Amino acid sequence: MSDNPIPLRLKQARKKIGISQKELGIKIGMDASSASGRMNHYEKGRHVPDVATLRKIAAELNVPLNYFFCEDDLSAELACLISKLDDESKKDLISELLATKSNDSA
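Quantities reported herein were computed from a predicted structural model and do not represent experimental measurements. (Residues numbered from 1 in each chain as written. Predicted model: local features only at pLDDT ≥ 70, side-chain atom pairs only at ≥ 80, totals over all residues. Heavy atoms only, no water.)

Chemist: Honestly, helix α6 (residues 87–105) in this entry has me stumped. Any pointers?
Modeler: For the α-helix, the turn length of 3.6 residues means that residues three or four positions removed from each other point alike. Compared with an ideal rise of 1.5 Å per residue, which puts 19 residues at 27 Å, α6 spans 27 Å between its outermost C-alpha atoms and is within 8% of the ideal. For α6, the N-terminal capping position is held by Asp86, with its side-chain oxygen 3.2 Å away from the main-chain nitrogen of Glu88. (Helix = DSSP H or I, 4+ residues; strand = E, 2+ residues; numbered from the N terminus. Expected span 1.5 Å × (residues − 1). Polar contact = N/O pair within 3.5 Å; in protein donor to acceptor, adjacent residues only side chain to side chain.)

Chemist: Looking at this model, I keep getting lost on a nonpolar patch on the surface. Mind explaining?
Modeler: On the surface, Leu78, Ile82 and Leu85 cluster together into a nonpolar patch covering about 230 Å² of accessible area. Residue placement: Leu78 occurs in helix α5 (residues 73–83). (Patch = residues over 30% accessible without salt bridge, like charges linked within 9 Å, V, L, I, M, F, W, Y side chains within 5 Å. Areas by Shrake-Rupley, 256 points an atom, 1.4 Å probe, with all protein chains shown as cover. Salt bridge = Lys/Arg side-chain N within 4 Å of Asp/Glu carboxyl O.)

Chemist: So what exactly am I meant to see when it comes to helix α4 (residues 51–61) here?
Modeler: Listed as buried for α4 are Thr53, Leu54, Ile57, Ala58 and Leu61. Around the axis of α4, the buried residues are gathered within 140 degrees of arc, so they sit on the same side. Those residues of α4 that are exposed and aimed more than 90 degrees away from the buried face are Arg55 and Ala59. Where the residues of α4 are buried, they touch α1 (6–17), α2 (21–27) and α3 (32–44). The backbone nitrogen of Ala52 has a side-chain oxygen 3.2 Å away, supplied by the residue at the start of α4, namely Asp50. (Buried < 20%, exposed > 50% of the residue type's maximum accessible area, 1.4 Å probe, protein only. Arc of directions from axis to C-beta. Contact = heavy atoms within 4.5 Å.)

Chemist: Mind showing me how you'd approach the nonpolar core here?
Modeler: A general tendency of soluble globular proteins is for nonpolar side chains to be buried together. Residues Leu10, Leu24, Met39, Ile57, Leu61, Val63 and Phe68 are the most contacted members of the largest nonpolar core, which totals 21 residues. Going through the elements one at a time, α1, α3, α4 and α5 are the ones with two or more residues in this core. The element that contributes the greatest number of residues to this core is α4, accounting for four residues. If we ignore the near neighbours within four places in the chain, the residues touching Leu61 are Leu10, Ala13, Arg14, Ile17, Ile19, Leu24 and Phe68. (Core = buried A, V, L, I, M, F, W, Y, C linked by side-chain atoms within 4.5 Å.)

Chemist: Would you mind going over a positive patch on the surface with me for this structure?
Modeler: Taken together, the side chains of Lys11, Lys15, Lys44 and Arg46 make up a positively charged region of the molecular surface. Following the sequence through the fold, Lys15 ends up in helix α1. (Lys, Arg positive; Asp, Glu negative; His and termini not counted. Charge placed at Lys NZ, Arg CZ, Asp CG, Glu CD.)

Chemist: I would appreciate a short explanation of the packing of aromatic side chains in the present structure.
Modeler: Remark: the centre distance and the inter-plane angle together describe each pair of aromatic rings, the angle taken between the planes. This model, assessed by the stated rule, comprises one aromatic pair. Residues Tyr67 and Phe68 carry aromatic rings whose centres are separated by 5.5 Å and whose planes lie at 75 degrees to one another, so their mutual orientation is edge-to-face. When the ring centre of Tyr67 is taken as reference, the NZ or CZ atom of Arg9 above it lies at 5.9 Å. (Phe/Tyr/Trp six-rings, centres within 6.5 Å; stacked < 30°, edge-to-face > 60°. Lys NZ or Arg CZ within 6 Å of the ring centre and 35° of its normal.)

Next up, the structure:
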């Protein structure tokens, strides 16, 4: 993967829900005449969306913001799964992971 994981993650998430670049752009508030082109530039890595735009994209694609920064597919999948947990479940998961880490180093 290139230095910037955003283009790949954006394209993967958009295709997963089955919408076009233009549809996504319009849904996040872009003008219909430029939505496809702008989203294409983001997916090709020619331009990088600012954080506010990336937040809108994440909300529309139902992925957490940090998904776009994951450098590998497993981390991206974990980010999506973890984001769907409630706070108590997240705390439990952290405890389990810390316990596993402690057991591995013992």
